[in-house]
Amino acid sequence: PKNVSGAGFINALQLHLAERRRLGNLTVFMDVIGDQLLKPAEETGLFRIAQEALNNIVKHARVSEAVLRLHLIEPFWMMIEDQGVGFDPQEVQAQDRLGLESMRERATEIGWTLQVVSSPGNGTRIQVEKD
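Description of the structure in this document.

What counts and how
- Residues numbered from 1 in each chain as written.
- Predicted model: local features only at pLDDT ≥ 70, side-chain atom pairs only at ≥ 80, totals over all residues.
- Heavy atoms only, no water.
- Helix = DSSP H or I, 4+ residues; strand = E, 2+ residues; numbered from the N terminus.
- Buried < 20%, exposed > 50% of the residue type's maximum accessible area, 1.4 Å probe, protein only.
- Contact = heavy atoms within 4.5 Å.
- Areas by Shrake-Rupley, 256 points an atom, 1.4 Å probe, with all protein chains shown as cover.
- Lys, Arg positive; Asp, Glu negative; His and termini not counted.
- Salt bridge = Lys/Arg side-chain N within 4 Å of Asp/Glu carboxyl O.
- Pairing = 2+ DSSP bridges.
- Axes fitted to C-alpha atoms, helices over the stretch in contact; angles between N-to-C directions.
- Expected span 1.5 Å × (residues − 1).
- Core = buried A, V, L, I, M, F, W, Y, C linked by side-chain atoms within 4.5 Å.

## Structural notes on the overall build of the chain
Logical step 1: Assigned secondary structure in the chain consists of 4 helices and 5 strands.
Logical step 2: Written out in order from the N terminus, the α and β elements of the chain read α-β-α-β-β-α-α-β-β.
Logical step 3: For the chain, the proportion of its 131 residues judged to be buried stands at 42%.
Logical step 4: Here the contacts in the chain between residues at least 6 apart in sequence split such that 66% fall between residues at least 24 apart.
Logical step 5: Counting only carbon and sulfur atoms, one obtains 48% of the accessible surface of the chain, whose full area is about 7,000 Å².

See below:
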């Protein structure tokens, strides 16, 4: 998004989720807690991380639903979770077919930390937290 801020950031996410439903047949439930503003760079970074995470769900998870939670009060965080096929994060790091590296880099650029929790058969959770 161009400089999306505040409500613009949430709207941009909602539009993206609507598009995901239309194009990728993925229904994403969004839950936003709080309404504090983030820096424009943080919003852009989080938007891109959400895009990448949802791409991965569409491509790999074999599910039709996911959840995106945004915590806009201290401590700030965003989480994207699915109940899909999951994977072994150790194996993926070797081949990095999931764009996890680019998500990590985006998180680092904005001073956030990205954590990936997944195991085969147990879905995947991507969590980004402000340092």
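## Quick notes on the side chain of Arg20
Logical step 1: Following the sequence through the fold, Arg20 ends up in helix 1 (residues 7-24).
Logical step 2: Of the side chains with opposite charge, Glu19 comes closest to the buried, unpaired Arg20, at an N-O distance of 6.7 Å.
Logical step 3: Those residues in contact with Arg20, other than ones at most four positions away along the chain, are Asn25, Leu26, Gln51, Leu54, Asn55 and Val58.

## Thoughts on the pattern of salt bridges
Logical step 1: Under the criterion given, the structure shown has 3 salt bridges.
Logical step 2: Here Asp31 makes a salt bridge to Arg69, at a shortest N to O gap of 3.5 Å. With a gap of 38 residues between them, Asp31 in strand 1 (residues 27-33) and Arg69 in strand 2 (residues 65-71) connect regions that are remote in the sequence.
Logical step 3: Residue class for Asp31 comes out partly exposed when judged on its relative accessible area of 33%.
Logical step 4: Through salt bridges with shared partners, one network takes in Asp31, Arg69 and Glu81.

## Comments concerning the sheet that holds strand 5 (residues 124-130)
Logical step 1: The strand order 1-2-3-5-4 describes an open sheet built from 5 strands, whose pairing is mixed. Only two strands of the sheet have a single partner each, and these edge strands are strand 1 and strand 4 (112-118). On average, each strand axis in the sheet is inclined to that of its neighbour by 10 degrees, with strand direction left out of account.
Logical step 2: Direction of pairing for strand 4 relative to strand 5: antiparallel, over a ladder of 7 bridges. Along strand 5, the bridge assignment pairs Thr113 with Glu129.

## Some points on helix 2 (residues 40-61)
Logical step 1: For helix 2, which comprises 22 residues, the first-to-last C-alpha distance of 30 Å matches the rise-based estimate of 32 Å (1.5 Å per residue) to within 8%.
Logical step 2: The set of residues buried in helix 2 consists of Glu42, Glu43, Gly45, Leu46, Phe47, Ile49, Ala50, Ala53, Leu54, Asn56, Ile57 and Ala61.
Logical step 3: At the exit of helix 2 stands Arg62, carrying a positive phi of roughly 60 degrees.

## A short note on the nonpolar core
Looking at soluble globular proteins, one finds that nonpolar side chains tend to be buried together.
Logical step 1: Leu68 and Met78 are the most contacted members of the largest nonpolar core, which has 33 residues in total.
Logical step 2: Mapped by element, the contributors of at least two residues to this core are helix 1, helix 2, strand 2, strand 3 (77-82), helix 4 (100-109), strand 4 and strand 5.
Logical step 3: In terms of residue count, the dominant contributor to this core is helix 2 (8 residues).

## Here we look at unusual backbone geometry
Logical step 1: Going from Glu74 to Pro75, the amide bond is cis rather than trans, its omega being -10 degrees.
Logical step 2: Positionally, Pro75 belongs in the loop between strand 2 and strand 3.
Logical step 3: Even without being a glycine, Arg62 presents a positive backbone phi close to 60 degrees.
Logical step 4: Mapped onto the elements, Arg62 comes out in the loop between helix 2 and strand 2.

Keep in mind these values describe shape, not function.
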